[in-house]
Amino acid sequence: MAINLASKYSDQIVEVFTRASFIKGKTAETYDLTGVKTLKVYTPITVEEVDYDRDGGLKRYGDVTEMQDVVQELTMTQDKAFTLTIDKGNNLDQNLVKNAADMLRLQLSEKSTPSADKYAFMRFVTMAGTIAESEKPTRADIISKIADASQALDDALVPDDNRYLYLTSEMYKLVCTSDEFAGVDVLARQSIAKGVCGEVFGMNVVRVPKSYLPEGVYFLVAHKDAVLMPYKIADAKVHEDPVGVSGALIEGRHYYDAYVLGAKCGGVYALVATGMVSAAPTVSGGRITGSGSIRYTLDGSDPRYSDSAKDYVAGTSLTAETGCKIRAVMTESGKYPSAVAEG
């Protein structure tokens, strides 16, 4: 006999995941991936304004062009599973369903959720709109570097609310002991000192274990509406006395993924160690040169997120679409993607 725990305990499962996750609740909820595995996001491309021509006849407002879209395809790729047993000899009260639910919650909080969070942080950093390099921050300059991140979001016209600053405990300590920390608002300073979600430059501070952020990443800033983390528990059930087991066999399967929305990538900023960002490729004469893997577009869209992006084959001559530029991004082995190059 099998009892489906995904439906019987769905509220408890969601509660455990949300409570244990550093990211859940801090990402966009606009796009619902429930019931589907792939979603395409369409972002309209605006056009530049021109001078109004009173003698231009039918072209007084300029040349008429059909509005185009940047398409970003989101596909859930992380399909995970686990299995556990509860032997009758170790289950004195014989309440198999209760123990199975407890084991499922334990699995989620200790294994599934941390694994999903680490994957999401890796994706957010890799897909960040801005990946800045720096020597390791110190007490003397940590606040200044966080200010640079805040300024980058301001310049990208990112809304002030729902900005999250993910710091390792080491970086968090530098913030709290920095010379400039005394200038932070008193209430925010008290909140940070207590380990609660305080604020620095209007950004909510979230302290995460060092192992959660990718290697060489000092901190990550992400606006809630710029990142997605669709997470779905696909199956979780307990089998009582299946063949070969005296007791209960628990099986679970879940899949999820994490993305940065290309249209809002300016809301994601990562500070990483010097030397960990790939050099930008060179675009000249219709050709792209570089020492790593190159993705490019010919329609003016961002090759980091666009559905039209393709892998570049060395030596190929390219021609951009009318009114557009060739745009390219390069990723060298062991490094994060470069800035976008144009030509």
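Our structure's up above, just so we're on the same page.
Quantities reported herein were computed from a predicted structural model and do not represent experimental measurements.

Observations regarding the overall build of the protein
Here is step 1 of the chain: Helix and strand counts for the protein stand at 6 helices and 20 strands.
Here is step 2 of the chain: Looking at the protein residue by residue over its 343 residues, the buried ones come to 43%.
Here is step 3 of the chain: In the protein, the proportion of contacts linking residues at least 24 apart, taken out of those at least 6 apart, comes to 77%.
Here is step 4 of the chain: Carbon and sulfur atoms make up 49% of the accessible area of the protein, which amounts to about 18200 Å² in all.

Structural notes on the packing of aromatic side chains
Here is step 1 of the chain: By the definition in use, this model includes 7 aromatic pairs.
Here is step 2 of the chain: For the pair Tyr52 and Tyr61, a centre-to-centre distance of 5.2 Å together with 75 degrees between the ring planes defines the contact as edge-to-face.
Here is step 3 of the chain: Aromatic rings pair up to connect Phe121, Tyr164 and Tyr166 into one cluster.
Here is step 4 of the chain: Over the ring of Tyr172 we find Arg207; its NZ or CZ atom is 4.4 Å from the centre of that ring.

Section: the pairing of strand S6 (residues 163-168)
Here is step 1 of the chain: Counting buried residues along S6, 6 of its 6 residues qualify, which places the element largely inside the surrounding structure.
Here is step 2 of the chain: Along S6, one buried face is formed by Arg163, Leu165 and Leu167 and the opposite face, lined by Tyr164, Tyr166 and Thr168, is buried too.
Here is step 3 of the chain: Inspection of the sheet shows S6 paired to strand S9 (residues 217-223) by 5 bridges, in the antiparallel sense. In the sheet register, Tyr164 faces S9, and the bridge partner there is Ala222.

What about the pattern of salt bridges?
Here is step 1 of the chain: What the rule picks out here adds up to 12 salt bridges.
Here is step 2 of the chain: The shortest N-O distance in the salt bridge between Asp302 and Arg304 comes to 2.7 Å.
Here is step 3 of the chain: Residue Arg304 is classed as partly exposed on the basis of its relative accessible area of 24%.
Here is step 4 of the chain: The structure contains a network of salt bridges with shared partners spanning Asp154, Asp160 and Arg163.

Re the nonpolar core
Here is step 1 of the chain: Counting residues in hydrophobic clusters, the biggest one holds 60 residues, and the most contacted among them are Phe219 and Val272.
Here is step 2 of the chain: Look past the residues within four positions of Val272 in its chain and what remains in contact with it is Val125, Ile131, Ala132, Glu133, Ser134, Gly216, Val217, Tyr218, Val277 and Tyr336.
Here is step 3 of the chain: Core analysis: the next-biggest nonpolar cluster, separate from the first, contains 10 residues, Ile294, Tyr296, Tyr312 and Ala328 among them.

Calculation criteria
- Residues numbered from 1 in each chain as written.
- Predicted model: local features only at pLDDT ≥ 70, side-chain atom pairs only at ≥ 80, totals over all residues.
- Heavy atoms only, no water.
- Helix = DSSP H or I, 4+ residues; strand = E, 2+ residues; numbered from the N terminus.
- Buried < 20%, exposed > 50% of the residue type's maximum accessible area, 1.4 Å probe, protein only.
- Contact = heavy atoms within 4.5 Å.
- Areas by Shrake-Rupley, 256 points an atom, 1.4 Å probe, with all protein chains shown as cover.
- Phe/Tyr/Trp six-rings, centres within 6.5 Å; stacked < 30°, edge-to-face > 60°.
- Lys NZ or Arg CZ within 6 Å of the ring centre and 35° of its normal.
- Pairing = 2+ DSSP bridges.
- Salt bridge = Lys/Arg side-chain N within 4 Å of Asp/Glu carboxyl O.
- Core = buried A, V, L, I, M, F, W, Y, C linked by side-chain atoms within 4.5 Å.

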